[in-house]
Amino acid sequence: MTDGTSPYPPLAYPALHASHSGIWICGSDGVSRAIGKGEAIGCVAETPHILLNAPLMGQRLGYPDLSGLDLLELFAFIHPAQFVVPTPAGLAKTLGLEPPAQEADIASLYREAASHLLAGLEAPHWGEREGAWSSAQALYRLRWPWAGEVSKRLTKPADGERWLFSKLEEWEEETPRPAPRAVTMDEDATLTQLGTLTGKGSEEREGQKSYAAAVAKIFNPRRVKGAPNMLLAEAGTGIGKTLGYLAPASLWSAEAGGAVWISTFTKALQRQLDRETRRIYPDEEVFRKKVVVRKGRENYLCLLNLEDALQGGFAGRAAILAHLVARWAAYSKDGDMVGGDLPGWLTTLFRRNGSTALTDRRGECVYAGCPHYRKCFIEKAARASQQADIVIANHALVMVNAARGREQQNAPTRLIFDEGHHLFDAADSMFAARLSGQEAIEIRRWVIGPESKNRGRRRGLAARLADLASYDDEGGRAIESARHAGEALPSDGWLQRLSESEPFGPVEALLGEVRHMVFARDESQSADAGYGLETELTDVEGPMIDAVANAAEAIDALLKPLVRLGQRIEHLIEEGPDWMDAPARARMEGALSSLGWRCDTLSGWLALLSRIGGPADPEFVDWLMIDRFEGREYDIGICRHWLDPTIPVTEVVTKPAHGLMITSATLKGGGDWETARARSGAIHLDQAVQEFEVPSPFNYAEQAKVIIVTDVKRGDMAGLAGAYAQLIEASGGGTLGLFTAIRRLRTVYARIADRMAQSGLPIYAQHVDPIDTGTLVDIFRDDPKASLLGTDALRDGVDVPGRSLRLVVMESVPWPRPDILHKARRLAGGGSAYDDRIIRARLAQAFGRIIRRADDHGHFVILSSAFPSRLLTTFPEGTPIERMPLTQALTEIKAAKSKTVQSSLSPDISFGHDAGQTDIPGNKSGGI
């Protein structure tokens, strides 16, 4: 990134590095020495030090307020929208510096890296110069630690720099896309397209070809309305399913002129698809028009929120974050703050101070009323998707758009759900109803607006629709009625009032009764432990019935004027008065969409309340809950979930489609097609769906082994931690540890972190290290000696090559949590057989982390002597499975270590994130 030369001598600042194995300081004289925690804290409190990832280093020192000259902040300023693995080795690799040979040299590396980065400010080829000078001046006023050094090396531009909001491109309205033509897919043409995408000389894989041919059939014209061409496809790891479905999808789009929506569950797979579709459209300009990534609004930077933050809405460290985000926004591809090109570590450097306020997480968008509407990242992505051939979305967005009737004119008719084994869970979250204090207070704020002197741009209905109220008397009265009715919803301080048994208003009174009933009926012994509590919504009588009736009346009083307001907005849009120009119309349409969302929520609450005290609805599961974190209550409410959430998915997503595929490497979850049909909703269709299966090409008998350790006692935390430490040492790192409980994860990490550091085997942990999960995986992937401990988020969607992942350790059988919802589904789904299906799916997903390429080798270890034999068939056929004591397991893993390490020295071909992205010798296609 720089030419490595600098006219400046090494910086006068000292540098500090801290880890579990020690603390080192490198003075301005360039001499490094080891120091103790007390001395280190005293030094950084007196003098700014150069360091890397202040929150993580502060945690290592036991000094959470640590601050200084953080190299990651400097990197984010100089190279916005670029990523660096936030470790000493990752930084050195990115900057082209020599990685430190020993940990004692890392502090010295920090000083060298700082000089190297700062020299880049004067490099003639620095591509992110525009806006840097103005940003540095603003950061100087905010006392950003690096501002002085940065300003020395920047020259004020002769011509004033353009303000961020003036240089972002505007989107333009385009002619609506015509309906796609009816096209019958030709198998030979599909295979030809597949050959083009995989490239000349690539190894032909029959499994991939048969998969592509099966997928092509979903694009044929459907025969019956409400009965799409639907395919369930399980394609084992290594088949190359990504290109297997991209080939027919791109061919159909080109021939029919329609869009194919590809939906994922993880952001990692979205990133991979973004890369792989470049094979179809290698020209960058064409690619940007043909492929669009879509996510929910809460993922994107809100320019209006950013402007408010830059103009004084943020203070202190949050204001510095806002300016660094503004630097990123000027160079971002799409403004995606969550999983896009904003480095995941950037917001954690500020301890998430202010980052959520830069996105639209509360549905506050004013649409055309925003001065940045024509440059909005969200609107730009939405409009680009209307003309794109391939739209890469996620399960939640597809369901939200379908359920709320969004973008009906361009509703997708051809859908591919990759990571389809997550469809059930995504639907369960999407179609649930939750009447809670947190949800209610958000609606109150949306209706009424700010009720305190806190700064911000939150506005109520009256402010948003002032022009409507002044023109339409009935609409104005509806707004005023809604504002008055909104006062019945919970307001600030509601939790404190409930704890003191002094609720204000009918909804707070209802939540107070919920809280009382949950504590009265709790039999889980969790009340004293500080965990969340829940109880079934049955046998309700007395005060609760009265509270329900009063709350329902208050909610209905709010819903009626909102519905009336929506009708007035629709009428005005149709009438088109003189004052309603294009921006005003767009603002009204946006308000109507937001209004519909809130009306749907309120209607769901009324439906939920109407059933309390009456007979249970067999299609739903209702319960009362208190959410707590470390003993502190943060929400109280009533929940309703579909017993089978694939029912609404089938109605609003599946049946309207013309062609649809649900695919995954573990679609059957280690079970049979009955499981896949139930979890996908295929059982709710009148017409039978097509099913396709192709196993993984890997030789699991030679490449993997499952070991069940028989002598680690359940509940023995010292023994569990010792087993993890010995296994990681035996494997030389490269271990992914999976836990079913955060408390056990933290306990094991605390016991072994220092030991691992002394062994030269760095270890990281979810829910412990102040680093986002995506960055933790990037660190793990980058260092073959590193190990990573985590929970469910790491069991699936993590693709790490064999050089960095050689061992997966599960601390116990992943039993489902026996909460009220699970017990209801278990009763309806066959009892223990239902549990087994869930466990098989989790085991299959976790085992799938081990072998990603043809040259990978690894062990899958389960530290549970009680592992049921009936579940052993979950693993791929031919996989060796053996029960043995820990000492024997350690011997086997050590014996395989030298071979694995030698294999890890081979160059990496792929760093994909998807079960389908693997590399097979001779396959020049990148394994897709």
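Being a predicted model, the structure only gives us computed values, none of them experimental.

Q: Is there a simple way to think about the overall build of the protein chain in this case?
A: The secondary structure content of the protein chain amounts to 36 helices and 23 strands. Whereas a compact globule of 928 residues would reach a radius of gyration of roughly 30 Å, the protein chain reaches 29 Å, a difference of no more than 12%. Judged by the C-alpha coordinates and their principal axes, the protein chain covers about 75 × 70 × 65 Å. Across the 928 residues of the protein chain, 57% fall into the buried class. Restricting to contacts in the protein chain with at least 6 residues of sequence separation, those with at least 24 account for 77%.

Q: What is the right way to look at the sheet that holds strand β13 (residues 620-629) in this model?
A: The strand order across the open sheet formed by four strands is β11-β14-β13-β12, and the pairing between neighbours is antiparallel. Looking at the sheet topology across the chains shown, the edges are occupied by β11 (433-436) and β12 (533-536). Across the sheet, the mean angle from the axis of one strand to that of its neighbour is 20°, orientation sign disregarded. As defined by bridge partners, β12 adjoins β13 across four bridges and the pair is classed as antiparallel. Its bridge partner lying in β13, L533 is registered against I626. Sitting on the sheet, helix α27 (residues 582-611) touches β11, β13 and β14 (632-642), and the angle it makes with β14 is about 85°.

Q: Sorry, what's going on with helix α26 (residues 543-575) here?
A: Every α-helix winds through 3.6 residues per turn, so residues three or four apart in the chain are directed the same way. Along its 33 residues, α26 runs 48 Å from first to last C-alpha, staying within 8% of the 48 Å computed at 1.5 Å per residue. Immediately beyond the C-terminal end of α26, within one or two residues, lies G576, with a positive phi of roughly 60°.

Q: Honestly, the nonpolar core in this entry has me stumped. Any pointers?
A: Nonpolar side chains tend toward joint burial in soluble globular proteins. Residues L71, F77, W146, V150, L301 and L306 are the most contacted members of the largest nonpolar core, which totals 79 residues. It is helix α15 (residues 317-329) that contributes the most residues to this core, ten residues altogether. Every residue in contact with L306, bar those within four places of it in the chain, is listed here: L164, F165, L301, A322, V325, A326 and L358. Core analysis: the next-biggest nonpolar cluster, separate from the first, contains 55 residues, L465, L468, A485 and I573 among them.

Q: Explain the sheet that holds strand β19 (residues 763-765) to me, please; I cannot follow it from the model alone.
A: Each strand in a sheet pairs with its neighbour through backbone hydrogen bonds, running either in the same direction (parallel) or in the opposite one (antiparallel). The seven strands are arranged β19-β20-β18-β21-β22-β17-β23 in an open sheet whose pairing can be described as parallel. Strands with a single pairing partner mark the edges of an open sheet, and in this sheet they are β19 and β23 (881-884). Between one strand axis and the next, the sheet turns through 20° on average, direction left out of account. Alignment of strand β17 (residues 704-709) against strand β22 (residues 858-862), held across five bridges, turns out to be parallel. If you follow K705 over to β22, its bridge partner there is H859. Packing of helix α33 (residues 773-782) onto the sheet brings it into contact with β18 (735-738), β19 and β20 (787-790), and relative to β20 it is tilted by some 150°.

Q: Got a minute to help me understand the environment of L306 in this structure?
A: Here L306 shows up in helix α14 (residues 303-313). Residues L306 and Q82, 224 residues apart in the sequence, show an inter-C-alpha distance of 20 Å.

Q: Just to check I follow, could you spell out the pairing of strand β2 (residues 22-26) for this structure?
A: In regular strands, side chains alternate between the two faces of the sheet. Extensive coverage of β2 is indicated by the burial of five of its five residues. Of the two faces of β2, the one lined by G22, W24 and C26 and the one lined by I23 and I25 are each fully buried. Across five bridges, strand β1 (residues 15-19) lies against β2 in antiparallel orientation. The residue of β2 that forms the bridge with L16 is I25. The hairpin turn running from β1 into β2, its antiparallel successor, is two residues long. Joining the antiparallel neighbours β2 and strand β3 (residues 32-34) is a turn of five residues, in which G30 adopts a positive phi near 85°.

Q: Can you help me understand the packing of aromatic side chains in this one?
A: Two aromatic rings are characterised by how far apart their centres lie and by the angle between their planes. Scanning the entire structure with this criterion turns up 13 aromatic pairs. A network of ring pairs unites the aromatic residues F698, Y700, F847, F860 and F875 as a single cluster. Sitting above the plane of the F77 ring, R327 keeps its charged end 4.8 Å from the centroid. The ring of W171 carries R383 above its face, with NZ or CZ at 3.9 Å from the centroid.

Q: Before we go on, may I ask you to explain the pattern of salt bridges in this structure?
A: Should the charged atoms of two oppositely charged side chains come close, the side chains can pair. Counting across every chain of the model gives 50 salt bridges. Bridged by salt links that share partners, the residues E173, R297, D360, E379 and R383 form one connected network.

Q: What is the right way to look at the side chain of H17 in this model?
A: When you line up the elements, H17 lands in strand β1. We classify H17 as buried; its relative accessible area is 6%. Polar side-chain contacts of H17 include one of 3.0 Å to the side chain of Y110. Those residues within four positions of H17 in sequence are excluded, and the remaining contacts are G22, I23, W24, M57, P88, E103, I106, A107 and Y110.

Q: What is the right way to look at the confidence of the model for the protein chain in this model?
A: Reading predicted coordinates in detail is not appropriate for stretches of low pLDDT. Per-chain confidence: the protein chain averages 88 in pLDDT, with 93% of residues scoring 70 or above. Counting contacts from residues 1-7, a segment whose pLDDT is below 50, to residues more than four positions away or on other chains yields 14 contacts.

Q: Would you mind going over a negative patch on the surface with me for this structure?
A: Taken together, D186, E187, D188 and E255 make up a surface patch of like negative charges. By the secondary structure assignment, E187 is in helix α9 (residues 187-198). Residue E187 is classed as partly exposed on the basis of its relative accessible area, which comes to 46%.

Q: Can you walk me through the packing of helix α25 (residues 506-521) against α26 in this structure?
A: Geometrically, a packed helix pair is captured by the angle between its two axes and the distance between the axes. Running from N to C, α25 and α26 cross one another at 150°; their axes reach a closest spacing of 8 Å. The two elements α25 and α26 cross, and the hand of that crossing is left-handed. For the pair α25 and α26, the contacting residues are P506, V507, A509, L510, E513, V514 and M517 in the first and P543, M544, A547, V548, N550, A551, A554 and I555 in the second. Its residues placed into classes, the contact of α25 with α26 shows 13 nonpolar, one polar and one charged.

Q: Can you help me understand helix α2 (residues 54-61) in this one?
A: Burial of α2 is extensive: seven of the eight residues sit out of reach of the surface. Along α2, the positions that sit buried rather than exposed are A54, P55, L56, M57, G58, R60 and L61. At the C-terminal side of α2, G62 shows a positive phi close to 75°.

Q: Sorry if this is basic, but what is going on with unusual backbone geometry here?
A: Glycine aside, residues mostly have negative phi angles, and peptide bonds mostly take the trans form. Of note, E419 is a non-glycine position whose phi angle comes to about 50°, a positive value. With respect to the element layout, E419 can be found in the loop between β10 (414-417) and α19 (423-430). For H767, which is not glycine, the phi dihedral falls at a positive 65°. With respect to the secondary-structure elements, H767 resides in the loop between β19 and α33.

Q: Would you explain the packing of helix α34 (residues 820-828) against helix α35 (residues 832-847) in this entry?
A: Where α34 contacts α35, the two axes come as close as 7 Å, and the packing angle between them is 115°. Facing H822, R825 and R826 of α34, the residues of α35 in contact are S832, Y834, D835 and I838. In the contact of α34 with α35, the residues fall into two nonpolar, two polar and three charged.

Q: Which parts of the structure should I look at to understand the environment of E729?
A: With respect to the secondary-structure elements, E729 resides in helix α31 (residues 717-731). Through-space distance from the C-alpha of E729 to that of M756 is 7.7 Å; in sequence the pair is 27 residues apart. For E729, the residues in contact, after removing those within four places along its chain, are R755, M756, S759, L761 and K897.

Q: Would you take a moment to explain the state of the cysteines for this structure?
A: Disulfides are covalent bonds that connect the sulfur atoms of two cysteines. According to the stated counting rule, one finds zero disulfides in the structure shown. Left without a disulfide partner, C43 is nearest to the cysteine sulfur of C26, which lies 13 Å away. Cysteine C370 is unpaired, with the sulfur of C302 as its nearest cysteine sulfur at 6.2 Å.

Q: Just checking my understanding: could you explain the environment of P880 for this structure?
A: Note that P880 resides in the loop between β22 and β23. When the C-alpha positions of P880 and A113 are compared, they lie 47 Å apart, and in sequence the two are 767 residues distant. Among all residues touching P880, those that are not within four sequence positions of it are Y700, A701, A704, K705 and V706.

Rules used in this analysis
Residues numbered from 1 in each chain as written. Predicted model: local features only at pLDDT ≥ 70, side-chain atom pairs only at ≥ 80, totals over all residues. Heavy atoms only, no water. Helix = DSSP H or I, 4+ residues; strand = E, 2+ residues; numbered from the N terminus. Rg over C-alpha atoms; globule rule 2.2 N^0.38 Å. Buried < 20%, exposed > 50% of the residue type's maximum accessible area, 1.4 Å probe, protein only. Contact = heavy atoms within 4.5 Å. Pairing = 2+ DSSP bridges. Axes fitted to C-alpha atoms, helices over the stretch in contact; angles between N-to-C directions. Expected span 1.5 Å × (residues − 1). Core = buried A, V, L, I, M, F, W, Y, C linked by side-chain atoms within 4.5 Å. Phe/Tyr/Trp six-rings, centres within 6.5 Å; stacked < 30°, edge-to-face > 60°. Lys NZ or Arg CZ within 6 Å of the ring centre and 35° of its normal. Salt bridge = Lys/Arg side-chain N within 4 Å of Asp/Glu carboxyl O. Polar contact = N/O pair within 3.5 Å; in protein donor to acceptor, adjacent residues only side chain to side chain. pLDDT = per-residue confidence, 0-100. Patch = residues over 30% accessible without salt bridge, like charges linked within 9 Å, V, L, I, M, F, W, Y side chains within 5 Å. Areas by Shrake-Rupley, 256 points an atom, 1.4 Å probe, with all protein chains shown as cover. Lys, Arg positive; Asp, Glu negative; His and termini not counted. Charge placed at Lys NZ, Arg CZ, Asp CG, Glu CD. Left-handed = near helix turned anticlockwise from the far one by under 90°. Nonpolar A, V, L, I, M, F, W, Y, C, P; charged D, E, K, R; others polar. Disulfide = S-S within 2.5 Å.

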